[in-house]
Amino acid sequence: MALELNTELEEINGVGPSIASKLKQAGFTTIEAVAVVPARELAERAGLGRETAEKVGIKAREIINAGFLTAGELLEKRKTMMKCPTGAKELDRLLGGGIETQAITEFAGEFGTGKTQICLTLSVLSQLPPEKGGFGGRVLYLDTEGTFSPERIYQIAESRGFDVKNAMENIKIAKVYNSDHLCIIIDSLFKVCQEEGVKLVVVDSIISHFRGEYLGRETLPERQQKLNLYLHKLIRLAEVYNLAVIVTNQVHAKPDAFFSDPTNPTGGHVLAHACTQRLLLKRSKGNIRTAALIDSPYLPAGQISFMISEQGIEDNPSAP
Ligand code: ADP
Ligand code: MG
């Protein structure tokens, strides 16, 4: 009889039952999770020697093929990328068709600019099967601010003609209590997303705990390093499972801006580099908001308006 591996982790060359159980206990339950974590963190958290941790990481990456890709291979991979409409056609146009898989899309803006409304609308719409424009998968919603509203999901799903019960079942919410908790949850995503067929991961918001916990300039490097680590795990997750990640972000006043735009997304260069598409939301009249695409690797900058309504978000009916 062939030898059966009792955990997926033992597929990694050099990982036997003992290392596998140490990894599991430290929260690294999948090959992907082992592959993306820096060796130092793997060693510390799983109690492995540094050399062992490095070897295990390399072997894990060999399995998921996380090395170099040729341009041709990359193009093939990009072809599997999917786009999902946001509920507002003008916003889709700005985004070149909608939010995309294999990427992080960021929505930044002041309080009340519609960030959460966009996340909620996408949590419903992304469930549509691919032939109807969605991702056809489940949704994981990491709620750090306690603003996830099941009543609102119900309303959006019902007004858009979804099977409401089904739509609600397909969204899993994790309340996130602090930045360390966020780290634990992000590590578990590699397993959960695979098992549950998740196609959209929402982090609303990516920054609030960091801003609350790291006060003072001297703590900034540590905060940024931690944020960087999480964001890279999210990017890998999006790439490995061909899923979309959306994050919301706050804004702060530009210290040097007197007459120019007074708001700037928080999170500095780390967030700027990690997010593929970055949008800045602002209030307009009543339920109207504007969204500006401020950074994209291949789309032109631009600005549109949308409306917050019963349906979540939709086009601004009085836009030209
Ligand atoms: P934030 O950017 O802080 O996450 P939200 O996404 O929570 O902001 O947006 C809050 C705005 O959404 C408020 O102005 C509120 O009036 C509006 N809103 C919430 N629910 C509805 C609804 N059912 N119909 C119309 N507007 C709504
Ligand atoms: Mg919000």
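Worth saying up front: this structure is predicted, and the values here are computed from it rather than measured. (Residues numbered from 1 in each chain as written. Chains lettered and ligands numbered in written order. Predicted model: local features only at pLDDT ≥ 70, side-chain atom pairs only at ≥ 80, totals over all residues. Heavy atoms only, no water.)

Asker: Help me get a handle on the side chain of Glu41, residues and values and all.
Answerer: Along the chain, Glu41 turns up in helix α3 (residues 39–46). Discounting chain neighbours no more than four positions away, the residues touching Glu41 are Phe28, Ala46, Asp187, Leu229 and Lys233. (Helix = DSSP H or I, 4+ residues; strand = E, 2+ residues; numbered from the N terminus. Contact = heavy atoms within 4.5 Å.)

Asker: Please provide a residue-by-residue account of the nonpolar core, values included.
Answerer: If you look at the biggest cluster of nonpolar residues, it comprises 55 residues, and the most contacted ones within it are Leu23, Val201 and Leu234. Both domains that furnish three or more residues to this core are identified here as domain 1 (5–63) and domain 2 (78–315). Apart from the residues lying within four places of it in its own chain, the contact partners of Val201 are Leu140, Leu189, Cys193, Leu237, Leu243, Ala244, Val245 and Ile246. Formed by 39 residues, the second largest nonpolar core is a distinct cluster that contains Cys84, Leu120, Ala157 and Leu299. (Core = buried A, V, L, I, M, F, W, Y, C linked by side-chain atoms within 4.5 Å. Buried < 20%, exposed > 50% of the residue type's maximum accessible area, 1.4 Å probe, protein only. Domains from an automatic or database assignment.)

Asker: Any chance you could break down the sheet that holds strand β6 (residues 198–204) for me, citing the residues and the numbers?
Answerer: Strand pairing in a sheet is mediated by backbone hydrogen bonds. Such pairs are either parallel or antiparallel. The mixed open sheet is built from 9 strands, whose spatial order is β5-β4-β6-β7-β3-β10-β11-β12-β13. Since the sheet does not close on itself, it has two edges, and those belong to β5 (171–175) and β13 (312–315), each with one partner. Across the sheet, the mean angle from the axis of one strand to that of its neighbour is 25°, orientation sign disregarded. As paired elements, strand β11 (residues 288–295) and strand β12 (residues 302–309) share 6 bridges and run antiparallel to each other. When the sheet's bridge partners are listed, Thr290 is paired in β12 with Ser305. (Pairing = 2+ DSSP bridges. Axes fitted to C-alpha atoms, helices over the stretch in contact; angles between N-to-C directions.)

Asker: Account for the pairing of strand β10 (residues 277–283), naming residues and giving values.
Answerer: On any regular strand, side chains alternate: one points to one face of the sheet, the next to the other face. With respect to burial, β10 is a largely interior element, 5 of its 7 residues being buried. Pairing analysis gives 5 bridges linking strand β3 (residues 103–109) to β10, with the strands arranged parallel. Looking at β10, one finds that Thr105 is bridged to Gln277.

Asker: Describe α3, and please don't skip the residues or the numbers.
Answerer: For α3, the set of buried residues is Ala39, Glu41, Leu42, Ala43 and Ala46. Buried residues along α3 sit in contact with α1 (17–25), α2 (31–36), α4 (50–64), α10 (179–196) and α12 (220–240). Remark: Gly47 follows α3 within two positions and exhibits a positive phi of approximately 65°.

Asker: So, the site of ligand 1: which residues are in play, and what are the values?
Answerer: Lining the immediate surroundings of ligand 1 are 15 residues, of which Gly112, Lys115, Thr116, Gln117 and Arg289 lie closest. Here a nitrogen atom of ligand 1 sits 3.1 Å away from a polar atom, N or O, in the side chain of Gln155. Here ligand 1 loses 69% of its free accessible area of 580 Å² to cover by the protein chains. Contributions of two or more residues to the shell around ligand 1 are made by α7 (115–125), α8 (150–159) and β12. Among the elements that line the shell around ligand 1, the one with the most residues is α7, at 3 residues. (Near = heavy atom within 4 Å. Polar contact = N/O pair within 3.5 Å; in protein donor to acceptor, adjacent residues only side chain to side chain. Areas by Shrake-Rupley, 256 points an atom, 1.4 Å probe, with all protein chains shown as cover.)

Asker: Account for unusual backbone geometry, with residues named and values stated.
Answerer: Put simply, Asp204 and Ser205 share a cis peptide bond, and its omega is 0°. One non-glycine residue, Gln102, lies in positive phi territory at about 65°. For Gln102, a relative accessible area of 9% corresponds to the buried category. Of note, the phi angle at Asn242 is positive, near 50°, even though the residue is not glycine.

Asker: Tell me about the domain arrangement of the chain, residues and numbers included.
Answerer: Domain boundaries assigned for the chain yield domain 1 (5–63) and domain 2 (78–315). Averaged C-alpha coordinates put domain 1 and domain 2 at centres separated by 30 Å. Across the boundary between the two partners, domain 1 contributes 13 residues, which contact 11 residues of domain 2. Overall, the association of domain 1 and domain 2 removes approximately 850 Å² of surface from exposure, summing both partners, and the carbon and sulfur fraction of that is 62%. It is Thr30, Glu32 and Val36 in domain 1 that bury the most area against domain 2; as a group they hold 47% of the surface buried on that side. Put simply, domain 1 and domain 2 have 2 salt bridges between them. (Buried area = accessible area lost by both parts, 1.4 Å probe. Salt bridge = Lys/Arg side-chain N within 4 Å of Asp/Glu carboxyl O.)

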